[in-house]
Amino acid sequence: KILVLGATGQIGAELVPELRKIHGRDNVIACYHSKQPSGALLDGPVERVDVLDIKSIEGAIKKYDVDEIYHLSAILSAAGERNPQLAWRTNMDGLYNVLELAREYKLRVFWPSSIAAFGPSTPRDNTPQVTVMDPRTIYGISKYAGELLARYYAEKFDVDVRGVRYPGIISSEAMPGGGTTDYAVEIFYYALEGKKYTCYLREDTMLPMMYMPDAIKAAIQLMNAERSKLTILVGYNVAAFSFTPGQIAEEIRKHLPNFEVEYKPDFRQKIADSWPRSLDDSLARMEWGWKPDWTFEAMVKDMLERLSRKLRPA
Ligand code: VAH
């Protein structure tokens, strides 16, 4: 049985249905804490779990006879800067609790890191897998520390934990919550509602991004990989495409010609400027066959099609 912690978040909302298709609806438990599950998540078992309470997670592990955990619960980069103490506890103690239970119950774990683990002195173009890491957000610090802690548990206690460093993720089913890359999802809603979008990043801010179907594929592919072939286990760079707010606005205008965007950078500009513009994901390609399916143009077209169906129900 598989426990998905953080199932009502941006990734969980699409990962749970995909895992249920593969493993069977009743074998994937969608766990939530503050945000109530809705929609497709209710097509199978749901459970309220507090990742800061190890007994709460342990209760779910025993109740469902769990042998695998996808631990997605986290407070993201922008939200974390508004409450760094809560972000550190949620991101670090939550991961620590999951790793301790994985050690005790011999569970397999998927846990994502992020490009937020890089920082201002990291080479920003084609950022290598192994390079200078100096995260400056509490979220990025917790993600880099999480990579070190997870790898320690893998080496010291033989815990089978695996993960990738996700770039910004664009999704049609759930909004991201409190990230720096959220603009790349919000912008589609404004375009489809015929409203001008005020972007909180400069027009030329280049960031690595990925469409959700590819993000889900990366997680499942890595968890299915032959463990002996994985040299770093967690923190694999994975990339699909990079774009700027100006470029995605231009691509949307190919479908919605009158769409307008104005740029009013806020505190998130400094976060974005500390992150890579593009990633080198050759190690993931070499060790477990990573390769994105979606191009930037195909993602924009698919997002507009899916959201227009959602916004104008038949
Ligand atoms: C964020 N969406 O913006 C997340 C992600 C790389 C970005 O970690 O914080």
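Residues numbered from 1 in each chain as written. Predicted model: local features only at pLDDT ≥ 70, side-chain atom pairs only at ≥ 80, totals over all residues. Heavy atoms only, no water.

Looking at an unreviewed UniProt entry, one finds the protein named NAD-dependent epimerase/dehydratase, with Korarchaeum cryptofilum as its source organism. Under the heading Sequence similarities (unreviewed entry), UniProt records this for the protein: "Belongs to the NAD(P)-dependent epimerase/dehydratase family." (UniProt positions renumbered as here; feature names shortened; annotations may be inferred.)

## Thoughts on the pattern of salt bridges
Taken as a whole and assessed by the stated rule, the structure comprises 25 salt bridges. As a salt-bridge pair, R108 and D160 come within 3.2 Å of each other at their nearest N and O atoms. Placement of the pair is R108 in strand β5 (residues 108–110) and D160 in the loop between α5 (138–157) and β7 (161–162), with a sequence separation of 52 residues. With a relative accessible area of 23%, R108 lands in the partly exposed category. Here D293 and K217 are joined by a salt bridge, their closest N and O atoms 3.0 Å apart. With D293 in the loop between α10 (282–288) and α11 (296–311) and K217 in helix α7 (residues 212–224), this pair connects stretches of sequence that are 76 residues apart. On the basis of relative accessibility, which here comes to 48%, the residue D293 falls in the partly exposed class. The exposure class of K217 is partly exposed, given its relative accessible area of 23%. Taken together, the shared-partner salt bridges in this structure form one network comprising E68, R108, D158, D160, R162 and R227. (Salt bridge = Lys/Arg side-chain N within 4 Å of Asp/Glu carboxyl O. Helix = DSSP H or I, 4+ residues; strand = E, 2+ residues; numbered from the N terminus. Buried < 20%, exposed > 50% of the residue type's maximum accessible area, 1.4 Å probe, protein only.)

## Side note on the site of the ligand
Near the ligand you find L76, S77, S114, I115, Y139, Y166, P167, G168, G179, T180, T181 and W275, and these make up its full shell. Within the side chain of S77, a nitrogen or oxygen atom sits 2.6 Å from an oxygen atom of the ligand. Here the ligand, which alone exposes 270 Å², has 95% of that area covered by the protein. Taking a 2 Å distance to the grid points as the criterion, the majority of the atoms of the ligand fall inside the largest pocket. (Near = heavy atom within 4 Å. Polar contact = N/O pair within 3.5 Å; in protein donor to acceptor, adjacent residues only side chain to side chain. Areas by Shrake-Rupley, 256 points an atom, 1.4 Å probe, with all protein chains shown as cover. 1 Å grid on protein atoms, 1.4 Å probe; cavity = no way out; pocket = protein on both sides within 12 Å on 5 of 7 lines; lining within 4 Å. Sits in = over half its atoms within 2 Å of the grid points.)

## Re the sheet that holds strand β12 (residues 236–237)
Sheet architecture is open: three strands sit in the order β6-β8-β12, paired in parallel fashion. In the strand order of this sheet, the two ends are held by β6 (113–114) and β12, each with one partner. Direction of pairing for β6 relative to strand β8 (residues 164–166): parallel, over a ladder of two bridges. Among the inter-strand pairings, S113 is bridged to a residue of β8, identified as R165. (Pairing = 2+ DSSP bridges.)

## A few points about unusual backbone geometry
In this structure, D65 takes a positive phi of about 55° despite not being glycine. Examined against the element boundaries, D65 turns out to sit in the loop between α2 (54–64) and β4 (68–71). Residue class for D65 comes out exposed when judged on its relative accessible area of 61%. Positioned with a positive phi, D158 is a non-glycine residue whose angle comes to about 60°. With respect to the helices, strands and loops of the structure, D158 is situated in the loop between α5 and β7. What makes D158 exposed here is its relative accessible area of 54%.

## With respect to the confidence of the model for the protein
For the protein, mean pLDDT is 97; residues scoring 70 or higher make up 99% of the total. Model confidence for the complex is summarised by a pTM of 0.97, with the ipTM given as 0.96. (pLDDT = per-residue confidence, 0-100.)

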